[in-house]
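Chain residues, written in single-letter form:
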Amino acid sequence: MAEAHSAVAFSFAITHDGWDVNFDREVLYLVWESGLRSWKKRLARFRNSIHNGVYPGHLQSLYVLWTLLVAAHFGGFNIPFDLVQKASSVLPGDSTMWQVIACLLAALTMWLTVIFMMRYILKLLLMYKGWMYESRAPGSKISVKTMIWVSVVKVLSGWNKPRLYSFQGSLPRLPLPSVQDTMNRYLLSVRPLLDDENYKRVELLSKDFEETIAVKLQRYLVLKSWWSSNYVSDWWEEYVYLRGRSPLMVNSNFYGTDTLMRPTSIQAARAGTIIHFVLKFRRLIERQELEPIMLQNMVPLCSWQYERLFNTVRVPGIETDKLVHYQDSAHITIYHKGKYFKVVVYSRGRLLNPAEIQIQIQHILEDKTEPCIGEEQVAALTAGERSHWAHVRQTHFNRGHNRTSLHCIERAAFNVCLDDKEYGFNENDPSTLDDYGHTLLHGKGHDRWFDKSFNLCFSTSGAVGFNTEHTWADAPVMGHLWEYVILTELTYGYLQDGNARGTVEAPPPTPARLQWDLNNEELLQNIDLSYNVAQKLLNDVDLKILHFTKYGKGFMKGLRVSPDAFIQMVLQLAYYRDAGHFCLTYEASMTRLFREGRTETVRSCTIESCKWVKSMEDPKASVTERLELFLAASERHKIGCQDAMTGHGIDRHLFCLYVVSKYLELDSPFLQEVFNEPWRLSTSQTPYGQTSLLDLKKYPKCVGAGGGFGPVADDGYGVSYIIVGEDMLFFHVSSKKSCPVTSSSNFVKQIERSLVDVQELFYEYQKIKNVK
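What you see is a predicted model; the values in this text were computed from it and never measured.

1. Details of the sheet that holds strand β19 (residues 681-685)
Spatially, β16-β22-β21-β19-β17-β18 is the arrangement adopted by the six strands of the open sheet, whose pairing is mixed. Looking at strand neighbours, the two that pair on one side only are β16 (541-548) and β18 (599-603), the edges of this open sheet. Neighbour-to-neighbour, the strand axes of this sheet turn through a mean angle of 20°, independent of strand direction. As paired strands, strand β17 (residues 585-590) and β19 are joined by three bridges and run parallel to one another. Note that in β19 the partner of E587 across the bridge is T683. Contacts between helix α24 (residues 744-771) and the sheet are confined to β16, β19, β21 (717-724) and β22 (728-736), with β16 contributing the most and set at about 25° to the helix.

This is the structure:
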């Protein structure tokens, strides 16, 4: 009870001697400080809202225009449309002061009119996506149309520095494709996977769907595309993520790794520094000082997903979960050896520096108390079935210590896991990457709070990684945070002895141990149930990480081939060699060129890719023939990616048609056919180089191994890859041990073999070309 008494800031009692009032000045000061910080943030948000609402205009231009109108008015010049006179007619007086105010109203009217015209024209211009389809190869020329478009976009984008959400009002909406276009693209994508008989059957189903209920379903989607900011994203978040009842661990959450270099081996120092810079990134988002990511330094990407990066939790429900985002949080939570701590990271109105946070971390590492009954495995509830966790949460976490501690974790900026084992990348033993990936993907099944937006994980030797909940955003947002943190940490550095830098003027706030009341037989049984589900799931994960150093992006670009298309062709060849047949292949592509855009599917298995793969397995095929087929397949894949990014994909449109059909209770054999097809090869490229901070020439080892995710299909593979530097690739391959037809080890070998074979193909072609 000591912790409970010490937390009381104010007490009031009536005694025989009169009134008895006690209060803790320090706690009341903390309350005052927290409120002051909250109001400062509200003021900053209001100021940013005004800035974003009038971007690309600037308040200085309003002041200039006001001054000109005042000078013109008193100089006897005519103001366009008699705006000053019209403004004066509605004002209560005609004195000099009221005339100056009338000039202000006229200037404001003219200024806002011009700004909103610029914003609307910019939105129309950003709908043009022809620039994406033009070649960027050396020697190629940009069309006159695109050159004019570029010039106008640069002018309308403003001269002042954009903030994170400055372009949100100018981003176009995701276009809704016609049913006919989607049907044609779909049939083309499944043609290489079906024999003639099955293809004819699917073709008839699609034609019947297009001519019957699709007309009605499309009308509803047209209405939704007009009414909502994005006709896909809210349904995608709800039905793909929040309504899923299976465990988040392995099935949904993904992970990311550290760089190849480790600046310090002291766990507390690394944790203190990383936590500090993660919180600085949060401050950049809150103040909107973070610049939006721009493609070609010109076209903005949607920044909507950054809003929920911090202070966010996925709360379980019986039928559907909900995503809860808190406006502010002055603390983080830390898990270590079965115990949870609340760590306040602000003191005296400022963010604690790395050295001060290191002291807090060290206090936790030196804590010798034992976890209470059930505390060590309580997070297993977040790793189990969602409906089960929702029921337990409602019945056992609705009052007392359990409610208070759960609320503390869910309101935290993020969660930190101080692991009691060593892991990380070892250049002398790349096989250690496999254990590294397992640890970050699922840990022990009870040492990650999988509901939080992300968990930072630190090994005893100073390695770091993260585990991210997928509902709130996609990997590029977390990748942006990670690049900023790792690069800023590198430039900030550590002391010579490996400790964190910073001046400690006064002891930082002491971490507070969270209290639980879990000594209940029914509750402990429920925790064990989730823990057993988590153990079965994580023990079935077959995860292998390939570190390939024979070549990388430099070789691919030298061939004038898109690196992503190159890797996707390699994966098609590897899968065919592993399974003996082709499969429906999923590659995630972003649609953030549009407002609130998330992802679209690129179907990487195409007619062209299958022809090339078969030529590689055909001993009679010539080198020239194989190379021509490879280039044709790569070009087809590039066009598929461009279509997906510009809103002309297949799967999100079909998904929304399917949702509407379920609402209207209309059965469609075609849609059932589409959504019964398993994605046996699910792939994703880890984003890299999103910021201008990264300089590989200066810091060649400041590259990460990327991250990965669990298998999507029971009999398939999950493959994440990252193209780092000029001569390095990483592949994260996952599958299920229980499946007799998949093996991550074998698939990794086939990827490596295919990478070498494609390189030899180009070398052989070059030899033939030189001889000729």
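2. Overview of the nonpolar core
Counting 104 residues, the largest nonpolar core has I275, F414 and L456 as its most contacted members. Those residues in contact with I275 that lie beyond four places of it in its chain are I332, I357, I361, F414, V416 and L456. F566, C583, C610 and I751 belong to the second largest nonpolar core, which has 41 residues in total.

3. Comments concerning empty space enclosed by the protein
Overall, the coordinates contain four cavities of 30 Å³ or more when judged by the stated rule. The computed volume of the largest cavity comes to approximately 100 Å³. Within the residue set of the lining of the largest cavity, elements represented by two or more residues are α10 (233-242) and β18. Here the lining of the largest cavity is composed, by residue class, of six nonpolar, seven polar and three charged. Within this model, the second largest cavity holds a volume of roughly 40 Å³. Taken together, V250, N251, L537, D540, V541, P711 and K736 make up the full set of residues lining the second largest cavity. Along the lines of polarity and charge, the residues of the lining of the second largest cavity split into four nonpolar, one polar and two charged.

4. As for the sheet that holds strand β13 (residues 454-458)
If you walk across this open sheet you meet the eight strands as β15-β9-β8-β12-β13-β14-β3-β20, and the pairing is mixed. Two strands close off the open sheet at either side, each with one partner strand: β15 (512-513) and β20 (707-708). Where strand β8 (residues 331-336) meets strand β9 (residues 339-344), six bridges bridge the pair, whose relative direction is antiparallel. Looking across to β9, one finds that T333 is bridged to K342. Relative to the sheet, helix α14 (residues 400-411) contacts β8 and β9, its axis offset from that of β8 by approximately 110°. Taken strand by strand, helix α15 (residues 432-441) contacts β3 (254-256), β13 and β14 (464-468), and its axis lies near 45° from that of β14.

5. Structural notes on the pattern of salt bridges
Scanning the model with the defined rule gives 34 salt bridges in all. The residue D757 makes a salt bridge to R753 at a minimum N-O spacing of 3.8 Å. Residue D757 and its partner R753 are located together in helix α24, separated by four residues, close to a single helical turn. Look at D757 and you get buried, because its relative accessible area is 18%. A cluster of three or more residues bridged by salt bridges with shared partners is formed by R245, R314, D321, R386, D451 and E469.

6. Side note on the packing of aromatic side chains
What the rule picks out here adds up to 36 aromatic pairs. Plain terms: the ring middles of Y575 and Y717 are 6.4 Å apart, the flat faces sit at 85° to each other, and that makes the pair edge-to-face. Note that Y575 is positioned in helix α19 (residues 563-579) and Y717 in strand β21, a separation of 142 residues in sequence. Taken as a pair, Y575 and Y717 share a single burial class, namely buried. Residue placement shows R191 over the ring face of Y199; its charged tip is 4.4 Å from the ring centre. Above the plane of the ring of W235 lies K224, whose end atom (NZ or CZ) is 4.4 Å from the centre.

7. Some details on the side chain of T273
Residue position: T273 is located in helix α11 (residues 267-286). Every residue in contact with T273, bar those within four places of it in the chain, is listed here: P354, E489, Y494 and A500.

8. Some details on helix α9 (residues 213-227)
Between the first and last C-alpha of α9 there are 22 Å, a value that for 15 residues agrees with the 21 Å anticipated at 1.5 Å per step. Every buried residue of α9 is listed here: I213, A214, L217, Q218, L221, K224 and S225. Looking down the long axis of α9, one finds its buried residues gathered within 120° of arc, a one-sided arrangement. For α9, exposure combined with an orientation more than 90 degrees from the buried face picks out R219, L223, W226 and W227.

9. Thoughts on the pairing of strand β7 (residues 322-325)
By the bridge criterion, four bridges tie strand β6 (residues 312-315) to β7 in an arrangement that is antiparallel. Bridge assignment links R314 to a residue of β7, and that residue is L323. The antiparallel hairpin formed by β6 and β7 contains six residues in its connecting segment.

10. Describing the confidence of the model for the protein chain
Of the residues in the protein chain, 91% have a pLDDT of 70 or more, and the chain-wide mean is 89. Contacts from residues 1-10, a stretch scored under 50 in pLDDT, to residues over four places away or in other chains number ten contacts.

11. Description of the environment of N539
Mapping N539 onto the fold places it in helix α17 (residues 521-539). Owing to a relative accessible area of 49%, N539 belongs among the partly exposed residues under this scheme. For the pair N539 and H442, spaced 97 residues apart in sequence, the C-alpha to C-alpha distance is 9.8 Å. Among the polar contacts listed, one links the side chain of N539 to the backbone oxygen of Q535, at a separation of 2.9 Å.

12. Quick word on the pairing of β18
Within a regular strand, the side chains alternate between the two sheet faces. With five of its five residues buried, β18 lies for the most part within the structure. Burial along β18 is two-sided: T599, T601 and R603 and E600 and V602, pointing in opposite directions, are all buried. Relative to β18, β17 runs antiparallel, the two sharing five bridges. Note on β18: the bridge partner recorded for S589 is E600.

Analysis parameters
- Residues numbered from 1 in each chain as written.
- Predicted model: local features only at pLDDT ≥ 70, side-chain atom pairs only at ≥ 80, totals over all residues.
- Heavy atoms only, no water.
- Pairing = 2+ DSSP bridges.
- Helix = DSSP H or I, 4+ residues; strand = E, 2+ residues; numbered from the N terminus.
- Axes fitted to C-alpha atoms, helices over the stretch in contact; angles between N-to-C directions.
- Contact = heavy atoms within 4.5 Å.
- Core = buried A, V, L, I, M, F, W, Y, C linked by side-chain atoms within 4.5 Å.
- Buried < 20%, exposed > 50% of the residue type's maximum accessible area, 1.4 Å probe, protein only.
- 1 Å grid on protein atoms, 1.4 Å probe; cavity = no way out; pocket = protein on both sides within 12 Å on 5 of 7 lines; lining within 4 Å.
- Points joined across faces, edges and corners; volume = space filled by probe spheres on them.
- Nonpolar A, V, L, I, M, F, W, Y, C, P; charged D, E, K, R; others polar.
- Salt bridge = Lys/Arg side-chain N within 4 Å of Asp/Glu carboxyl O.
- Phe/Tyr/Trp six-rings, centres within 6.5 Å; stacked < 30°, edge-to-face > 60°.
- Lys NZ or Arg CZ within 6 Å of the ring centre and 35° of its normal.
- Expected span 1.5 Å × (residues − 1).
- Arc of directions from axis to C-beta.
- pLDDT = per-residue confidence, 0-100.
- Polar contact = N/O pair within 3.5 Å; in protein donor to acceptor, adjacent residues only side chain to side chain.

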